[in-house]
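What the coordinates show
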Amino acid sequence: ERFVITVPASSANLGPGFDSIGVALSRYLRLTVERHEEWIFIPETKEVQSIPTGTDNLMYEVAQDVARQFNIDLPSAKVSVWSNIPLARGLGSSASAIVAGIELANVLCDLRLSKREKLRISSLMEGHPDNVSPSIYGGIVVGYHHENETYIAQIPEFDVDIVMAIPEYELKTTDARDVLPSDINYRHAVEAGAIGNMLVAALLNKDLPLVGEFMEKDLYHEPYRMRLVPELSLVRKEAKALGAYGVSLSGAGPSVLCLAPKGKGKAIAEHMYALLPNCEIDVLQIDRKGV
Ligand code: HSE
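Since this is a predicted model, take the numbers as computed values, not measurements. Per-chain numbering applies: the sequence of each chain, read as written, is numbered from 1 onward. Given that this is a predicted model, residues contribute local features only at a pLDDT of at least 70 and side-chain atom pairs are listed and counted only at 80 or more, while totals for whole chains, interfaces and linings are drawn from all residues. Excluded from the side-chain calculation are hydrogens and water; included are all heavy atoms of the structure.

**Concerning the side chain of D19**
Take D19: it is sitting in strand β2 (residues 17–35). The buried label applies to any residue whose accessible area, calculated with a 1.4 Å probe on protein chains only, is under 20% of its type's maximum; exposed applies above 50%, and partly exposed to all values in between. D19 sits in the buried class, given a relative accessible area of 19%. Two N or O atoms count as a polar contact when they lie within 3.5 Å, although within protein this holds only if one can serve as hydrogen donor and the other as acceptor, and sequence-adjacent residues are included solely when both atoms are side-chain atoms. Within the structure, D19 has its side chain in polar contact with the side chain of R177 (distance 2.7 Å). Contacts are residue-level and defined by heavy atoms, with any inter-residue pair within 4.5 Å sufficient. Among all residues touching D19, those that are not within four sequence positions of it are N13, H128, P129, D130 and R177. Strands are runs of DSSP state E lasting at least 2 residues, helices are runs of H or I lasting at least 4, and numbering of each runs from the N terminus.

So this is what it looks like as structure tokens:
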């Protein structure tokens with residue numbers, strides 16, 4: 001008997017929703033799983049060609065950890081791994097792998113975990129829920145994780161195109177976090193919080209021009225990461241001129257996300273393609289389903 005686990009990619013932050021807001025995207029990590037006498041992971045696409053193929057694989061480690069939490073032996077399996085989520089590009093590949101590992105234990109051990117339980121387990125592993133929560137629930141999710149508590153609220157659906165410019169270079173989240181300040185001035189924090197609040201209110205009101213405006217006003221991370229990703233300001237200027245609502249770093253970068261009116265993504269992507277020959281450009285949709 002085989003089963004398939006499909007986990008969407010995600011883009012964290014949307015600008016000022018730093019470590020809190022994320023959106024699920026129509027790129028996927030897909031595992032085809034069969035019981036087998038020993039653990040083996042078989043990469044099927046270039047995005048995952050360098051992943052460990054044995055029990056040093058992150059998805060195995062997560063699955064084993066979950067099985068242990070429930071005091072159940074994890075049966076071994078042969079796992080074919082298909083993915084079009086590139087690593088270290090700000091598209092939530094490690095969060096997708098964590099969610100896939102939880103789902104692996106869920107299915108192999110018949111745990112029947114709810115999305116809420118998957119969220120609790122994955123948030124403890126990740127520390128902030130901005131990538132794991134959309135990968136679990138789909139859509140746009142606002143979240144907050146503190147100690148053992150994870151709070152989330154889902155944003156009602158609306159239609160957009162998401163144009164993603166994916167540079168060919170990798171940027172490790174740890175490196176992109178190293179450039180952030182360790183403290184923030186009180187007045188600056190109040191302003192940064194108000195900007196994040198406006199983004200959420202605009203999302204709830206489906207006021208997409210306002211969403212676009214506030215996506216670009218982040219004070220928490222983009223001002224510091226900007227110099228690591230030279231593509232950001234260029235894409236912002238050009239995509240806005242072609243009608244994009246707003247442009248922000250995808251997660252910790254280096255990918256750049258353009259939120260565009262439904263139907264306008266293709267024209268923006270074609271322009272970007274000519275402008276940025278070293279980037280992969282793709283028009284994505286918001287994944288609605290999650291894991
Ligand atoms: N919110 C995180 C960051 C996403 O921007 O650093 C990457 O884990």
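**Considering the sheet that holds strand β9 (residues 256–261)**
Strands are treated as partners if at least two bridges between them are detected by DSSP. If you walk across this open sheet you meet the four strands as β8-β9-β7-β10, and the pairing is antiparallel. Bordering the open sheet on either side are β8 (246–249) and β10 (279–284), each of which pairs with just one other strand. Neighbour-to-neighbour, the strand axes of the sheet open up by a mean angle of 20°, direction not taken into account. Where β8 lies against β9, four bridges are found, and the strand directions are antiparallel. The residue bridging V247 from the neighbouring strand is C258, located in β9. In the packing of helix α7 (residues 208–215) onto the sheet, the strands contacted are β7 (160–167), β8 and β9, and the crossing angle to β8 comes to about 35°. An axis is simply a line fitted to the C-alpha atoms; with a helix, the fit covers only the stretch in contact. Between two such axes, the angle follows the N-to-C directions and lies from 0 to 180 degrees.

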